Amino acid sequence: MAKKDPGSIFQEGEYHRGVFQLKDEFGVPFKKTFRSKDPKKLKKRMALWLQDFEDGKPTEDMKVKKMCDLAIGAAEHRGAAPKTLKGYRDLLRAHIEPTMGAMMVKEVKPAHVERMMALMAEKGAGSQTRVLARNFLRMAINRVAIKGGYVVTNAAALADPPKIKHVLRTSLQPAQLAAILEKEDRPMFHAMWVLLASTGLRPSEARNLLWNDFYQSKDGPWLKLHHSKTQEGMRPIPIPFPTWEVVSALPKTALYVFATANGHPINESNLRREWVAAMKKAGVPFTNLYQLRKLFGTLKARKVSDDILKRLMRHTDVRTTKQFYVSALEADLRAAVED
């Protein structure tokens, strides 16, 4: 709309109503309405509003809920993983919206964010969940509120983060994995554990594998993911021949490799439950399913260069690999003290 055209003005009894039909910064159509008894004042008010709108200045107060919705929409547009988007929406629905959703963004102070995290703790939310909620708010304020000119400081960034209660996780040892595989007599889950341990796939990636994601190259079988946590995770993955023999022996009765009886991919919580059952059956102390990926990274770090390790783990920075996915094995520790 040209600046000279202040919109449409209609008379409704003693009042005059002005209307703009515009699109917001995300391309979504919206209607802006004004009312006044004085048509001259109405026209001037509309012209000033339109000037601010075309100059990119904030023209409306924004609530926290809308800011978060816009941030999620922008993240989806940038290609964020479905699991990441679901996490954002869950945090907004369960924690942010009930306590801060109706507040105006410009009114949010660090104390409000800290109060939200305190209420989350009272409801039983762990420290990591509270950190994620604060981080999501910080991201939303940066990308929507500050960029849009609604605020100049980030209240979530200034809020004190909760103290993280670190839990010492038991690392999976090669002998323990061997015991699990020896006792696992269910072909689908045996193939799942083998695939995760020999490729470093994330459990969420393996759950959604399709048969046509695999392909044969001159040097052997490969896997091309269509859904991954990161863009780097979409890189092709080499599959060891023994692993391919185990996986390819599964019945091809559905599109998904690891499918339920109705042809759908196995549910994430059910997969974790089956992993716990496999550990119990093998007499292995509990550790989470991601330890299969960590064991893969640990074993490969002994043999390959940092560049190859980063590529195998599909990380953009090898420091991430070494910080979170490489640990000392018990055999290495024993050898070190006995040397």
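Residues numbered from 1 in each chain as written. Predicted model: local features only at pLDDT ≥ 70, side-chain atom pairs only at ≥ 80, totals over all residues. Heavy atoms only, no water.

Chemist: Would you mind showing me how to read the overall build of the protein chain here?
Modeler: Within the protein chain, the secondary structure is distributed over 15 helices and 6 strands. Considering the protein chain as a whole, with its 339 residues, one finds that 38% of them fall into the buried category. Taking contacts inside the protein chain between residues at least 6 apart in sequence as the whole, the part at least 24 apart equals 58%. (Helix = DSSP H or I, 4+ residues; strand = E, 2+ residues; numbered from the N terminus. Buried < 20%, exposed > 50% of the residue type's maximum accessible area, 1.4 Å probe, protein only. Contact = heavy atoms within 4.5 Å.)

Chemist: Would you mind showing me how to read the pairing of strand β4 (residues 214-217) here?
Modeler: Every regular strand shows the same layout, with side chains that alternate between the two sheet faces. Strand direction decides the pairing type here: β4 and strand β5 (residues 220-223), joined by 4 bridges, are antiparallel. Bridge assignment links S217 to a residue of β5, and that residue is G220. Where β4 folds back onto β5 in an antiparallel hairpin, the turn is made up of 2 residues. (Pairing = 2+ DSSP bridges.)

Chemist: It is not clear to me how the packing of helix α2 (residues 64-77) against helix α5 (residues 127-146) should be interpreted in this structure. Could you clarify?
Modeler: Working note: a packed helix pair is described by the angle between its axes plus the distance between those axes. Closest axis-to-axis distance for the α2/α5 pair is 9 Å, and the angle between their directions is 85°. With respect to α5, the element α2 is oriented roughly perpendicular. Together, V64, M67, C68, L70, A71 and I72 of α2 and F136, L137, M139, A140, I141, V144 and A145 of α5 make up the contact between the two elements. Along the lines of polarity and charge, the residues of the contact of α2 with α5 split into 13 nonpolar, no polar and no charged. (Axes fitted to C-alpha atoms, helices over the stretch in contact; angles between N-to-C directions. Parallel < 35°, antiparallel > 145°, perpendicular 65-115°, else oblique. Nonpolar A, V, L, I, M, F, W, Y, C, P; charged D, E, K, R; others polar.)

Chemist: Mind showing me how you'd approach the pattern of salt bridges here?
Modeler: Opposite charge on two side chains makes pairing possible when the charged atoms of those side chains draw close. One pass over the structure, following the stated rule, counts 15 salt bridges. A salt bridge links E268 to K83; the nearest nitrogen and oxygen atoms lie 3.3 Å apart. Taken together, the residues span a long stretch of sequence, with E268 in helix α11 (residues 268-282) and K83 in helix α3 (residues 82-100) at a distance of 185 residues. Across the pair K86 and D90 runs a salt bridge, and its minimum N-O distance is 2.8 Å. Note that K86 and D90 are positioned in helix α3 at a spacing of 4 residues, about one turn of the helix. With a relative accessible area of 26%, D90 lands in the partly exposed category. Linked by salt bridges that have partners in common, K83, E268 and R272 make up one network. (Salt bridge = Lys/Arg side-chain N within 4 Å of Asp/Glu carboxyl O.)

Chemist: How should I be thinking about α3 in this particular structure?
Modeler: Each turn of an α-helix holds 3.6 residues, which means side chains three or four residues apart point in the same direction. The largest bend in α3 comes to about 45°, at L92. Where α3 is concerned, the buried positions are L85, Y88, L91, L92, H95, I96 and M100. Of the surrounding elements, those touching the buried residues of α3 are α2, α4 (110-122) and α5. (Bend = angle between axes of the 7 residues up to and from the residue.)

Chemist: For this particular structure, what's the right way to read the sheet that holds β5?
Modeler: Whenever strands of a sheet pair, they do so through backbone hydrogen bonds, lying parallel or antiparallel. The 3 strands are arranged β4-β5-β6 in an open sheet whose pairing can be described as antiparallel. Two strands close off the open sheet at either side, each with one partner strand: β4 and β6 (237-238).

Chemist: What am I meant to see in the side chain of Q176 here?
Modeler: Within the element layout of this structure, Q176 appears in helix α7 (residues 174-183). For Q176, the side chain forms a polar contact with the main-chain nitrogen of Q173, separated by 2.9 Å. In this structure Q176 touches S171, V284 and P285, once residues within four positions along its chain are discounted. (Polar contact = N/O pair within 3.5 Å; in protein donor to acceptor, adjacent residues only side chain to side chain.)

Chemist: Is there a simple way to explain the packing of aromatic side chains in this structure?
Modeler: The geometry of an aromatic ring pair is captured by two quantities: the separation of the ring centres and the angle between the planes. Across all of its chains, the model carries 8 aromatic pairs by this definition. Consider the rings of F20 and W49, whose centres lie 5.4 Å apart with planes at 20°: the pair is stacked. Highlighted residues: F20 in strand β2 (residues 15-23) and W49 in helix α1 (residues 39-54), separated in sequence by 29 residues. With relative accessibility at 0%, the residue F20 sits in the buried group. In this structure an aromatic cluster arises from ring pairing among F20, F34 and W49. Lying over the aromatic face of F34, K32 brings its terminal NZ or CZ to 5.2 Å of the ring centre. When the ring centre of Y15 is taken as origin, the NZ or CZ atom of R35, which lies over that ring, is 4.5 Å away. (Phe/Tyr/Trp six-rings, centres within 6.5 Å; stacked < 30°, edge-to-face > 60°. Lys NZ or Arg CZ within 6 Å of the ring centre and 35° of its normal.)

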